[in-house]
Amino acid sequence: MRRFALILALWPGILAAEEFRTLTGDEILAALTGKKLDYGDGVWQTFDATMLTQYVADRPSAGRWAVREDQYCSLWPPSDLWACYDVQQNGDVIRFVDESGETTDGTFAE
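Below or above, wherever it landed, is the structure these notes cover.

Parameters at a glance
- Residues numbered from 1 in each chain as written.
- Predicted model: local features only at pLDDT ≥ 70, side-chain atom pairs only at ≥ 80, totals over all residues.
- Heavy atoms only, no water.
- Helix = DSSP H or I, 4+ residues; strand = E, 2+ residues; numbered from the N terminus.
- Disulfide = S-S within 2.5 Å.
- Buried < 20%, exposed > 50% of the residue type's maximum accessible area, 1.4 Å probe, protein only.
- Contact = heavy atoms within 4.5 Å.
- Polar contact = N/O pair within 3.5 Å; in protein donor to acceptor, adjacent residues only side chain to side chain.
- Salt bridge = Lys/Arg side-chain N within 4 Å of Asp/Glu carboxyl O.
- Pairing = 2+ DSSP bridges.

## Describing the environment of Gly91
Here Gly91 shows up in the loop between β7 (83–90) and β8 (93–97). Put simply, Gly91 and Thr107 are 16 residues apart on the chain and 9.0 Å apart in space, counted from C-alpha to C-alpha.

This is the structure:
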């Protein structure tokens, strides 16, 4: 019975450790500028201070990034349409959330 009570007492802490926190615009800039995210399976993305971004999956793709109204936004030529996402963080994991609620997680890489 004591073990069960201890598990219940620790449960909120376990849940809190797994929560993502939504970032503000300034926090998005601080989190991404000059960084590289690893999405797994050899897929990664960089976020230069010049607001250029490179995404590499099967082949490299270059685009632009910006922060607008507390969202990460990206533009990938030849398209001239910006796509914007909420950004959440949990430790070394960054989560991009699109307008339909779909998520993409990346981990800070060296």
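## Structural notes on the state of the cysteines
Under the definition given, this model contains one disulfide. Paired through a disulfide, Cys73 and Cys84 show a sulfur-sulfur distance of 2.0 Å. The chirality of the disulfide connecting Cys73 with Cys84 is right-handed, given an S-S dihedral of about 110 degrees. Of this pair, Cys73 sits in strand β6 (residues 71–75) while Cys84 sits in strand β7, placing them 11 residues apart in sequence. Taking the relative accessible area as the measure of exposure, Cys73 reaches 0% and is therefore buried. The partly exposed category is assigned to Cys84, whose relative accessible area is 29%.

## Concerning the environment of Arg21
Among the structural elements, Arg21 can be located in strand β1 (residues 21–22). Taking the C-alpha atoms as reference, Arg21 lies 6.5 Å from Asn90; in sequence the two are 69 residues apart. Excluding residues within four positions of it along the chain, Arg21 makes contact with Glu27, Val87, Gln88 and Gln89. At a separation of 3.2 Å, a polar atom in the side chain of Arg21 contacts the side chain of Glu27.

## Brief notes about the pattern of salt bridges
Pairing of side chains with opposite charge becomes possible as their charged atoms draw close. The final tally for this structure, using the stated rule, is two salt bridges. One salt bridge in this structure joins Arg21 and Glu27, with 3.2 Å as the shortest N-O distance. Two residues, Asp105 and Arg95, come together in a salt bridge whose shortest N-O distance is 2.7 Å. With Asp105 in strand β9 (residues 103–108) and Arg95 in strand β8, this residue pair connects regions lying 10 residues apart in the sequence.

## Concerning the pairing of β7
Summarising the sheet, β1 and β7 pair through two bridges and their orientation is antiparallel. The residue of β7 that forms the bridge with Thr22 is Gln88. Here three bridges tie β6 to β7, and the two strands are oriented antiparallel to one another. What sits directly across from Ser74, in β7, is Ala83. Linking two consecutive strands that pair antiparallel, namely β7 and β8, is a turn of two residues; a positive phi of about 65 degrees is found at Gly91 within it.

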